[in-house]
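# Fold and geometry: a report
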Amino acid sequence: MWATRILVPFALSLTLAADVHGQAQTNNLTPDGYWHNRYHSLLSMAGAYNETCTNQTFTQESELRNFPDSTRPPWQVINTFGPTPSGCEGFTVIVPEMNKALIVFKGNYELEQNISTEVVGWDYFGMGNDTCYGCTVNKFAAQGYMECKNETNDWKDIIDAYSGQKLVFSITGHGLGGMHSLIASADLNNQKIAYYSHTQSVPRTFNQAGARHYNYNFNGEAGERAIAGNDIFTESIPAGPNYAHAGTPFYYYGLNTTTLGMYMEVCWSGTFDSDVVDDPACEPRAQVGSTSEQDKYFYFTPVGQCGKPYVMNTTDIDSWISATVQQDAIDEASSSAASSASVAASSSSVVAASLSSVSAASASSVAATAKPVSTDTGAAQATGGTGSSSSSRSSTSGATVARVAEWVAVGACLLFGAAVLA
């Protein structure tokens, strides 16, 4: 059922799959431009992208070498977004050398350790059964995507920058960011904007109906799903009634010194259904000299880079993972401390209000007590008697003391609770 797997340069393989929407015009791309697969991976791996990408890959020299008549800047970030509570984060950019306007979604190491498999319908992000009947999506990923979509006003800035510029709109992402990328691709394709979609290290995100819809609209290389080495995170959500892989599998491994890239195998079944047949050629498999986690963070370049070196550097990858874990712990502790401080401040406000009420109640009780004492005293002096006046004062004073004691006890309990919560 699977087509013959190919081990060829991208420049040749790109001609094997035509874009049914007519946006992929291979004749206007230079040899470097054909490496759009690698370019998307570099963007997903980039750390401080404004420094790494502009120095390592998307330089003025490189742009003019490929597009001598270009008057555009080689790198133009339109805006950034996130991080949101559900881990959506990234940036939008125009890269003339790629002939593209792009949305780039970053991964999230901490949240990727335990992603829920709960699903919701596509109406969650604005596409109902009338567009994709019976389609479902990972709820946590959809939640993150909606947070970024709302933050960017439905991607208005990058869409405005793209409109009328004779560019191709593309979306890419790694890990959890790859899940966001799949959802964004379906959403913006439905709006007649996005026709290229590239993911790296992405687990299953849609059900079979959703995957079929995606595969139909991002046919062949227009919808690449990259798997590097033994990156088993791509299989972290098993296939089942609610989950199927989406996109054409591209398996990358080793180092191709001729092309400054990785070796590639493409597994295209010729059908829009995913997971119908598992082809071992495009499944994660062990590599010599690297772990699965290290493979996850090497897609043409080590994580944190946006170009050379194009070789696996396990030391740098491990350092990045360690720094990320430490930063996550710091962020979590800071967030927990801020939350505790907020709770303590709130409790202190309640205590202060309660003590204020105690003082008011005490003053009111004393005033109420003082008034009848004065009246009774006058009556006693007029009649020469004192017994009734003494009894009234004693009873009222006792009630006042009891009420004050009660409020003080309440205040003490609230103070104790605030101390425990802090």
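Structure shown above.
Residues numbered from 1 in each chain as written. Predicted model: local features only at pLDDT ≥ 70, side-chain atom pairs only at ≥ 80, totals over all residues. Heavy atoms only, no water.

## Re the overall build of the protein
When helices and strands are counted, the protein shows 11 helices and 10 strands. Counting over 422 residues, the protein shows a buried share of 47%. In the form shown here, the protein has an accessible surface area of approximately 19,100 Å², with 55% of it arising from carbon and sulfur atoms. (Helix = DSSP H or I, 4+ residues; strand = E, 2+ residues; numbered from the N terminus. Buried < 20%, exposed > 50% of the residue type's maximum accessible area, 1.4 Å probe, protein only. Areas by Shrake-Rupley, 256 points an atom, 1.4 Å probe, with all protein chains shown as cover.)

## Description of unusual backbone geometry
Across the junction of G82 and P83, the peptide omega takes the value 0 degrees, indicating a cis bond. A cis geometry characterises the amide bond from K308 onward to P309, with omega recorded as 5 degrees. Turning to its location among the elements, P309 is positioned in the loop between α9 (292-296) and α10 (314-383). Unusually for a residue other than glycine, N153 sits at a positive phi of about 55 degrees. Relative to the assigned elements, N153 resides in the loop between α5 (139-151) and α6 (156-162). Even without a glycine there, the phi angle at K166 is positive, about 55 degrees. Summarising the element assignment, K166 is placed in the loop between α6 and β6 (168-174).

## Some thoughts on helix α2 (residues 36-45)
Since there are 3.6 residues in each turn of an α-helix, residues three or four apart along the chain are aligned in direction. The buried fraction of α2 is high, at 10 of 10 residues. Turning to α2, its buried residues are H36, N37, R38, Y39, H40, S41, L42, L43, S44 and M45.

## Let's talk about the layout of surface pockets
In this structure, the largest pocket encloses a volume near 630 Å³. Lining of the largest pocket is provided by 26 residues; of these, E89, G107, N108, Y109 and D328 occupy positions nearest its centre. Those elements that place two or more of their residues in the lining of the largest pocket are α2 and α10. Ranked by the residues each element gives to the lining of the largest pocket, the list is headed by α10, at seven residues. Its residues assigned to classes, the lining of the largest pocket shows nine nonpolar, 10 polar and seven charged. (1 Å grid on protein atoms, 1.4 Å probe; cavity = no way out; pocket = protein on both sides within 12 Å on 5 of 7 lines; lining within 4 Å. Points joined across faces, edges and corners; volume = space filled by probe spheres on them. Nonpolar A, V, L, I, M, F, W, Y, C, P; charged D, E, K, R; others polar.)

## Here we look at the state of the cysteines
Inspection of the entire model under this criterion finds four disulfides. Disulfide pairing is shown between C88 and C148; the S-S distance is 2.2 Å. On the S-S bond that ties C88 to C148, the torsion sits near -130 degrees, and the link is left-handed. With C88 in the loop between β1 (76-81) and β2 (90-95) and C148 in helix α5, the pair connects residues that are 60 residues apart, well separated along the chain. As far as burial versus exposure is concerned, C88 and C148 are alike and both buried. A disulfide bridge connects C132 with C135, and the sulfur atoms are separated by 1.6 Å. Between C132 and C135, the S-S torsion sits near -55 degrees, and that sign places the bridge as left-handed. (Disulfide = S-S within 2.5 Å.)

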